[in-house]
Amino acid sequence: MNDTFDLVTYLLLALHVVIIFVAAVFISANRRPSTAIAWILAIVFIPFVGAAVFLLIGLNKLPKHRRDKQREVNELMMARTRGLELVSHGDDWPDWLRSAVRLNQKLGALPMLGGNTAELIDDYQGSFDAMSREIDGATRFVHVEFYVLVRDASTAGFFDALARAAARGVTVRVLSDHLSGLMYPNRKETQKFLADAGIEWYAMLPLRPLRGQWQRPDLRNHRKLVVVDGRAGFTGSQNLIDSTYLKKKNIARGLHWHELMVRVEGPVVRELDAVFVTDWYSESGVLLPLDTSPVVLGDNPALLDAQVLPSGPSFDNDNNLKLYAMMIHNAKTRVSITSPYFVPEESTLLAIVTAANRGVDVELFVSEIGDQALVYHAQRSYYQALLDAGVKIYLYRAPTVLHSKHFTVDDDVAVVGSSNMDIRSFSLNMEVSVLVHGRDFVDRMRVVEDSYRANSRQLDPVAWEQRSVAGKIGDSLARLTSALQ
């Protein structure tokens, strides 16, 4: 009996060693050292559970057939846009921006184009109303893509506008994330409304293993965009759902979300639509035609240069991470960051701390209250390093969750979109951002940032350092989980 027990023990130990060796070789390939170490330690200390979890969520790229479709569309977009990088106000850019634009075009296949206008919308219901008005003027097509898409009392007007457009012969196409649709109410009612209106809808990144549709479950499409006739577009942080997200616990706590969307006109709209075309192709298998019409710069000096940057696990690089780190490293006077979920990757944190240490005025806007406990505590673990470097941290007052996602650099460069400044948005989520050059636009962004500051309390470095030991431990433990990506 003892001999049998010893044999089983030795076999399990040998299997453990083999698993660790294979994991060390496989996991360390093409992965950040901190991430690889975290996964290997998990497998060492909880071997079979750790290995099972890695097989479930350890692979942070989409299946090959999806990445192949992304490359196919990228090649078409690059061929379509060759030379368009000249259609901009490049002479007015700061000296570093040209390199950033070239980097973005290489990674995301879309150029920086001039001749655009942009309007900021920071009113939650007002955003739905503005999109509905635009849809009511559609004559050719409406493209809609949201991470969360729910028909409720707040969004009913938007859905009714889609139905009216479809009824008058406008082609309406809708995409929404599959997993998020399972997490919120009215899923069947929303899908039935779209079907009854004759609107074509697909779930993004569906998890249907019996149909052969499977990838890592937490690789999600987090993009938010609307394109009408290729003439007007919307993107930003806001999902298509009530500001409480219809969750009982949010309503009980009085939580509601504050967002920032941007409405654009001009050549950048067709680039935003190219992102939709790519995602539609991935889900439907139908490749819609890309707009190849000539682009005119225009002679109005108030027109903006703008570049759309898609990012996510369908790309080979962390597109948004590279852009954000480069921008912060090149800041001369000021960086203002707004991110509801701030769990930065090492290079981003280093860029922020370095900027503050070299005298750049750096400020971070986050929420005083969190709706996701693990992320909330993980982000708190970074505050001390930021405060020590001189970063000003503003906590947007509860019960509002500041969900806007944007940042500004110096006086004339900004990014706004769906991407948080966290590891999930850098590596796991499909995101879309818009890089904008224009003093007037940044001035309007500053007004938004001023409103955040007026509704926030600044985190006191002394008080923060003296917080409870239990709080520090909880924050540190939560931070460890962020490396398992």
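Residues numbered from 1 in each chain as written. Predicted model: local features only at pLDDT ≥ 70, side-chain atom pairs only at ≥ 80, totals over all residues. Heavy atoms only, no water.

A. Focus on empty space enclosed by the protein. Applying the stated criterion to the full structure yields six cavities of 30 Å³ or more. Reported here for the largest cavity is a volume of approximately 130 Å³. Around the largest cavity, the lining is made up of 15 residues, and of these L149, S176, G181, R187 and Q191 lie nearest the centre. Elements supplying a minimum of two residues to the lining of the largest cavity: β3 (171–177), α8 (178–183), α9 (187–196) and β4 (200–204). Top element by residues in the lining of the largest cavity is α9. It accounts for four residues. (1 Å grid on protein atoms, 1.4 Å probe; cavity = no way out; pocket = protein on both sides within 12 Å on 5 of 7 lines; lining within 4 Å. Points joined across faces, edges and corners; volume = space filled by probe spheres on them. Helix = DSSP H or I, 4+ residues; strand = E, 2+ residues; numbered from the N terminus.)

B. Highlighting unusual backbone geometry. The step from A398 to P399 runs through a cis peptide bond, and the omega angle for that step is 10 degrees. Inspection of the secondary structure puts P399 in the loop between β12 (392–396) and β13 (400–402). Phi at D229 takes a positive value of approximately 60 degrees, unusual for a residue other than glycine. Structurally, the position occupied by D229 is in the loop between β5 (224–228) and β6 (232–236). Judged by its relative accessible area of 8%, D229 falls in the buried class. (Buried < 20%, exposed > 50% of the residue type's maximum accessible area, 1.4 Å probe, protein only.)

C. Molecular detail of the pairing of strand β9 (residues 304–311). Across the eight residues that make up β9, a large majority, eight, are buried. Residues L304, A306, V308 and P310 line one face of β9 and the alternating positions D305, Q307, L309 and S311 line the opposite face, and both faces are buried. Note that strand β1 (residues 112–121) and β9 share three bridges and pair antiparallel. Bridging across to β9, L113 finds its partner in A306. Across seven bridges, β9 lies against strand β16 (residues 431–437) in antiparallel orientation. The partner of A306 across the bridge, within β16, is V436. (Pairing = 2+ DSSP bridges.)

D. Fine view of the pattern of salt bridges. Overall, the coordinates contain 27 salt bridges when judged by the stated rule. E283 is the salt-bridge partner of R66, the closest N and O atoms lying 2.8 Å from each other. Placement of the pair is R66 in helix α4 (residues 64–81) and E283 in helix α11 (residues 268–284), with a sequence separation of 217 residues. With respect to burial, R66 and E283 carry one shared label: buried. Residue D218 pairs with R216 through a salt bridge whose shortest N-O separation is 2.5 Å. Look at D218 and you get buried, because its relative accessible area is 16%. Where salt bridges share partners, they join R334, E363, R446, E449, D450 and R453 into one cluster. (Salt bridge = Lys/Arg side-chain N within 4 Å of Asp/Glu carboxyl O.)

E. Geometry of the packing of aromatic side chains. The full count for this structure, using the stated rule, is 14 aromatic pairs. Residues F276 and W280 carry aromatic rings whose centres are separated by 5.7 Å and whose planes lie at 20 degrees to one another, so their mutual orientation is stacked. A residue pair is termed a helical-turn pair when its members lie 3 or 4 positions apart in one helix, as F276 and W280 do in helix α11 at four residues. Judged by its relative accessible area of 2%, W280 is buried. When the ring of Y396 is compared with that of Y452, the centres are 5.9 Å apart and the planes differ by 85 degrees; the resulting orientation is edge-to-face. With Y396 in strand β12 and Y452 in helix α17 (residues 439–454), the pair connects residues that are 56 residues apart, well separated along the chain. (Phe/Tyr/Trp six-rings, centres within 6.5 Å; stacked < 30°, edge-to-face > 60°.)

F. The environment of N74, seen in detail. The topology assignment puts N74 in helix α4. For the pair formed by N74 and A274, sequence separation is 200 residues and the distance between their alpha carbons is 9.5 Å.

G. Structural context of the packing of helix α12 (residues 319–330) against helix α13 (residues 346–357). In contact at an axis separation of 9 Å, α12 and α13 are set at 10 degrees when each is read in the N-to-C sense. As judged from the angle between their axes, α12 and α13 are roughly parallel. The two elements α12 and α13 cross, and the hand of that crossing is left-handed. Here L321, A325, I328 and H329 of α12 lie close against α13, whose contacting residues are S347, T348, A351, I352 and A355. Of the residues in the contact of α12 with α13, the class split is six nonpolar, three polar and no charged. (Axes fitted to C-alpha atoms, helices over the stretch in contact; angles between N-to-C directions. Parallel < 35°, antiparallel > 145°, perpendicular 65-115°, else oblique. Left-handed = near helix turned anticlockwise from the far one by under 90°. Contact = heavy atoms within 4.5 Å. Nonpolar A, V, L, I, M, F, W, Y, C, P; charged D, E, K, R; others polar.)

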